[in-house]
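Residues per chain are reported as follows:
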Amino acid sequence: HRGRTIEGKARNPLNEVRMLCDAIMENQGRMSTNRTIRYKPETSILKFRTGDEIRLNVDDFARLSAAFFDEIEKEYP
């Protein structure tokens, strides 16, 4: 289970991954909003907007995973 207090509500790769997982598992693979996250597509890694189909290529995955693990290293030293 993720630590929401550490993950926070700010826009970061941890939140983006959570939103992508939610979209895939609960919204037929389409990006949806999350009232607990202050998500802004223009400042996200992958720039998905509400309603966009979640599709990642190799470069997308590499960028998102690098940002995700960088954030984990910052939050969980």
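Residues numbered from 1 in each chain as written. Predicted model: local features only at pLDDT ≥ 70, side-chain atom pairs only at ≥ 80, totals over all residues. Heavy atoms only, no water.

K.L.:
With reference to specific residues and values, describe the overall build of the chain.
P.N.:
Tallying secondary structure elements over the chain gives 3 helices and 0 strands in all. Seen in sequence order, the chain has helices and strands lined up from the N terminus as α-α-α. Across the 77 residues of the chain, 32% fall into the buried class. Expressed as a percentage of contacts within the chain between residues at least 6 apart in sequence, the contacts between residues at least 24 apart total 39%. (Helix = DSSP H or I, 4+ residues; strand = E, 2+ residues; numbered from the N terminus. Buried < 20%, exposed > 50% of the residue type's maximum accessible area, 1.4 Å probe, protein only. Contact = heavy atoms within 4.5 Å.)

K.L.:
Talk me through the environment of Ile 72; I want residue IDs and the actual numbers.
P.N.:
Inspection of the secondary structure assignment puts Ile 72 in helix 3 (residues 58-75). Sequence-wise, Ile 72 and Pro 13 are 59 residues apart; in three dimensions their C-alpha atoms are separated by 9.1 Å.

K.L.:
Describe helix 3, with residues and values.
P.N.:
Along an α-helix, residues three or four positions apart point the same way, because every turn accommodates 3.6 residues. With 18 residues, helix 3 should cover 26 Å at 1.5 Å per step; its first-to-last C-alpha distance of 26 Å lies within 8% of that length. Burial in helix 3 covers these residues: Asp 60, Leu 64, Ser 65, Ala 67 and Glu 71. For helix 3, the angular spread of the buried residues around the axis is 165°, confining them to a single face. Turned more than 90 degrees off the buried face of helix 3, the exposed positions are Val 58, Asp 59 and Glu 73. (Expected span 1.5 Å × (residues − 1). Arc of directions from axis to C-beta.)

K.L.:
An account of the packing of helix 2 (residues 13-26) against helix 3 is requested, with residue identities and associated values reported.
P.N.:
Look at helix 2 against helix 3: their axes get within 8 Å of each other, and the N-to-C directions meet at 125°. It follows from the interaxial angle that helix 2 and helix 3 lie oblique. Residues Pro 13, Leu 14, Glu 16, Val 17 and Leu 20 of helix 2 form the contact with helix 3, whose own contacting residues are Leu 64, Ala 67, Phe 68, Glu 71, Ile 72 and Glu 75. (Axes fitted to C-alpha atoms, helices over the stretch in contact; angles between N-to-C directions. Parallel < 35°, antiparallel > 145°, perpendicular 65-115°, else oblique.)

K.L.:
Describe helix 2, with residues and values.
P.N.:
Between its first and last C-alpha atoms helix 2 spans 19 Å; for 14 residues at 1.5 Å apiece the expected length is 20 Å, and the two agree. Residues of helix 2 that are buried: Pro 13, Leu 14, Asn 15, Glu 16, Arg 18, Met 19, Leu 20 and Ala 23. A positive backbone phi angle near 50° is found at Gln 28, which sits one or two residues after helix 2.

K.L.:
Quick one: what's the story with the packing of aromatic side chains, residue by residue and with numbers?
P.N.:
The final tally for this structure, using the stated rule, is 1 aromatic pair. With a centroid separation of 5.4 Å and an interplanar angle of 85°, the aromatic rings of Phe 68 and Phe 69 are classed as edge-to-face. (Phe/Tyr/Trp six-rings, centres within 6.5 Å; stacked < 30°, edge-to-face > 60°.)

K.L.:
Pulling in residues and values, what's your account of the pattern of salt bridges?
P.N.:
Applying the stated rule across the entire model yields 2 salt bridges. Linking Asp 60 and Arg 63 is a salt bridge whose minimum nitrogen-to-oxygen distance equals 2.8 Å. Here Asp 60 and its partner Arg 63 are both found in helix 3, 3 residues apart, which amounts to about one turn of the helix. (Salt bridge = Lys/Arg side-chain N within 4 Å of Asp/Glu carboxyl O.)

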